[in-house]
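Understanding the architecture of this molecule
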Amino acid sequence: MDIIDLSEAELIGQGRDRNCYRHPTIQNQCIKVSRKPQKQTRRERAYFSYLMKHSVDTSHLAHYLGTVHTTRGPGATCELILNDNGRLSSTLTQVIQQGELTDKDIRSLLDNLKAYLLEQEICVRDLSPNNLMCQWKEGIPRLVIIDGVSNPGVNPLNIRVSALSKYFIRKAWRSLEKKVERLRNVASESAGTSSLPVSIA
């Protein structure tokens, strides 16, 4: 059994349940290692299997690639979201805090992502600016979800019944809008300007 050594791997993110390390040998992959029992990884694995089985468009999701053994315990390998120049993409939190895009551009990215989720009926358990990467491809930015893609509850019908899926997508989206608005307000106060209002559709 091959064991991946993460003793010197770069820690690139920390969630509530897992640490995310840059894969030490594969440039476009990362490894998520649970600090708690691996419920989140199991949910993620099961949901991705469901999406692939039903030929869902997963172009705005960081793909789950499989389970590996590491020196820090079992890990889930996932696609690492990189820009065309090979650099790690910024999170939406970083984009807002650093003023990398205008309010209008951010609004357009969010609207496109919401339309995508509703059209494909993809549920996200934790839709957060920290879990959205702003990836630049051929000079054009897009949002990619890197974590929390799973059934939002225990009822298997949540992801199988269209009305339920869209209910949970809209519920998660309202929470995201509030988080984005808070970030924009803080960024605007720091810059001494006022942000455009975020409309919740």
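Residues numbered from 1 in each chain as written. Predicted model: local features only at pLDDT ≥ 70, side-chain atom pairs only at ≥ 80, totals over all residues. Heavy atoms only, no water.

What about the sheet that holds strand 1 (residues 11-14)?
The strand order 1-2-3-5-4 describes an open sheet built from five strands, whose pairing is antiparallel. Of all the strands in the sheet, the pair left with one neighbour each is strand 1 and strand 4 (64-70). For this sheet, the mean inter-axis angle between neighbouring strands, taken without regard to orientation, is 30°. As judged from the five bridges shared by strand 2 (residues 18-22) and strand 3 (residues 29-34), these two strands associate in the antiparallel manner. Across the sheet, residue Tyr21 finds its bridge partner in strand 3, namely Ile31. (Pairing = 2+ DSSP bridges. Helix = DSSP H or I, 4+ residues; strand = E, 2+ residues; numbered from the N terminus. Axes fitted to C-alpha atoms, helices over the stretch in contact; angles between N-to-C directions.)

Quick notes on the pattern of salt bridges
It is possible for side chains of opposite charge to pair when their charged atoms get near one another. Under the criterion given, the structure shown has eleven salt bridges. Close ionic contact of Lys32 with Glu44 constitutes a salt bridge, the shortest N to O distance being 3.7 Å. Taken together, the residues span a long stretch of sequence, with Lys32 in strand 3 and Glu44 in helix 1 (residues 39-53) at a distance of twelve residues. Side by side, Lys32 and Glu44 carry an identical accessibility label, which is buried. (Salt bridge = Lys/Arg side-chain N within 4 Å of Asp/Glu carboxyl O. Buried < 20%, exposed > 50% of the residue type's maximum accessible area, 1.4 Å probe, protein only.)

Digging into the pairing of strand 8 (residues 140-145)
Relative to strand 8, strand 7 (residues 132-137) is paired through six bridges, and the arrangement is antiparallel. Within strand 8, the position partnered with Lys137 by the bridge is Ile140. Hairpin remark: strand 7 followed by strand 8, antiparallel, with two residues in the connecting loop; positive phi at Glu138, about 55°.

Things to note about the confidence of the model for the chain
Confidence in the prediction for the chain averages 92 pLDDT; 95% of positions are at 70 or higher. Counted against residues more than four places away or in other chains, residues 194-201, with its pLDDT under 50, gives 18 contacts. (pLDDT = per-residue confidence, 0-100. Contact = heavy atoms within 4.5 Å.)

Regarding a positive patch on the surface
Together, Arg170, Lys171, Arg174, Lys178 and Arg182 make up a region of like positive charge exposed at the surface. Mapped onto the secondary structure, Lys178 falls in helix 4 (residues 162-191). (Patch = residues over 30% accessible without salt bridge, like charges linked within 9 Å, V, L, I, M, F, W, Y side chains within 5 Å. Areas by Shrake-Rupley, 256 points an atom, 1.4 Å probe, with all protein chains shown as cover. Lys, Arg positive; Asp, Glu negative; His and termini not counted. Charge placed at Lys NZ, Arg CZ, Asp CG, Glu CD.)

Topic: the side chain of Ser150
Residue placement: Ser150 occurs in the loop between strand 8 and helix 4. The class of Ser150 is buried, set by a relative accessible area of 3%. Apart from the residues within four sequence positions on either side, Ser150 is in contact with Arg43, Glu44, Tyr47, Cys123, Val124 and Arg125.

Points about the environment of Gly15
On the secondary structure map, Gly15 appears in the loop between strand 1 and strand 2. Under the relative-accessibility criterion, Gly15 is labelled partly exposed at 32%. In sequence terms Gly15 and Leu183 are 168 residues apart; their C-alpha atoms lie 18 Å from each other.

Observations concerning unusual backbone geometry
Located in the positive-phi region is Ser55, a residue other than glycine, with phi close to 55°. Mapped onto the secondary structure, Ser55 falls in the loop between helix 1 and strand 4. Given a relative accessible area of 68%, Ser55 falls into the exposed group. Even without a glycine there, the phi angle at Glu121 is positive, about 55°. Take Glu121: it is sitting in the loop between helix 3 (103-120) and strand 7.

Points about the sheet that holds strand 7
Sheet strands line up and pair through hydrogen bonds in the backbone, either parallel or antiparallel. On the basis of which strands lie adjacent, the open sheet formed by three strands has the order 6-7-8 and antiparallel pairing. Looking at the sheet topology across the chains shown, the edges are occupied by strand 6 (90-91) and strand 8. Here helix 3 sits on the sheet and contacts strand 7 and strand 8; the angle it forms with strand 8, its principal contact strand, is near 45°.

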